[in-house]
Amino acid sequence: MARKKQKTEKVVVLRFTVEGDGTFPFDMLRYDCCHPVHETEARYLLTEAPHRRRVTLEHRGNGIAPTERRWESFSWKVVRIGDEPTKWEHSP
């Protein structure tokens, strides 16, 4: 009996950086299927900070870019995708 070849799917790792202040939109981790890259940043998200902060997140999957407009709806911006800055990277 012939064996079927198992189909392997390529997993793409995409890192991106978001910036904002106030409460971190935790639902975005689920929505964009991502998680903080660094443990220290993960703990940092639990506190409300009066100042702007940046967090690097990682998505493992199909390589679909983060949903920038949805981040903006929470007053957070995607400032970098991979090694490429977005339009917000150098904005005040």
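Heads up: the structure comes first, above all this text.
About the thresholds
- Residues numbered from 1 in each chain as written.
- Predicted model: local features only at pLDDT ≥ 70, side-chain atom pairs only at ≥ 80, totals over all residues.
- Heavy atoms only, no water.
- Helix = DSSP H or I, 4+ residues; strand = E, 2+ residues; numbered from the N terminus.
- Buried < 20%, exposed > 50% of the residue type's maximum accessible area, 1.4 Å probe, protein only.
- Contact = heavy atoms within 4.5 Å.
- Areas by Shrake-Rupley, 256 points an atom, 1.4 Å probe, with all protein chains shown as cover.
- Core = buried A, V, L, I, M, F, W, Y, C linked by side-chain atoms within 4.5 Å.
- Phe/Tyr/Trp six-rings, centres within 6.5 Å; stacked < 30°, edge-to-face > 60°.
- Lys NZ or Arg CZ within 6 Å of the ring centre and 35° of its normal.

Student: Even after reading the chapter, I still don't get the overall build of the chain, so can you show me in this structure?
Tutor: Across its full length, the chain carries three helices and five strands. Listed by position from the N terminus, the elements making up the chain come as β-α-β-α-β-α-β-β. Looking at the chain as a whole, 34% of its 92 residues qualify as buried. Partitioning the contacts of the chain with sequence separation of at least 6, the portion at a separation of at least 24 is 67%. Total accessible area on the chain is roughly 6800 Å²; 53% of this is exposed by carbon and sulfur atoms.

Student: What is the right way to look at the side chain of Thr-17 in this model?
Tutor: Following the sequence through the fold, Thr-17 ends up in strand S1 (residues 12-22). If near-sequence neighbours (up to four positions away) are discounted, Thr-17 is found in contact with Arg-54, Val-55, Thr-56, Lys-77, Val-78, Val-79 and Arg-80.

Student: Mind showing me how you'd approach the nonpolar core here?
Tutor: Buried together is how nonpolar side chains tend to be arranged in soluble globular proteins. Phe-16, Val-18, Phe-24, Leu-57 and Trp-71 are the most contacted members of the largest nonpolar core, which has 14 residues in total. Mapped by element, the contributors of at least two residues to this core are S1, helix H1 (27-31), strand S3 (49-61) and strand S4 (76-81). Beyond its immediate chain neighbours, meaning those up to four positions away, Trp-71 contacts Phe-16, Val-18, Phe-24, Pro-25, Met-28, Asp-32, Leu-57, Pro-66, Trp-76 and Val-78.

Student: Looking at this model, I keep getting lost on the packing of aromatic side chains. Mind explaining?
Tutor: Given two aromatic rings, one states the distance between the centres and the angle between the planes to describe the pair. Scanning the entire structure with this criterion turns up four aromatic pairs. Joined through ring pairs, the aromatic side chains of Phe-16, Phe-24, Phe-26, Trp-71 and Trp-76 make up one cluster. Over the ring of Tyr-31 we find Arg-70; its NZ or CZ atom is 3.8 Å from the centre of that ring.

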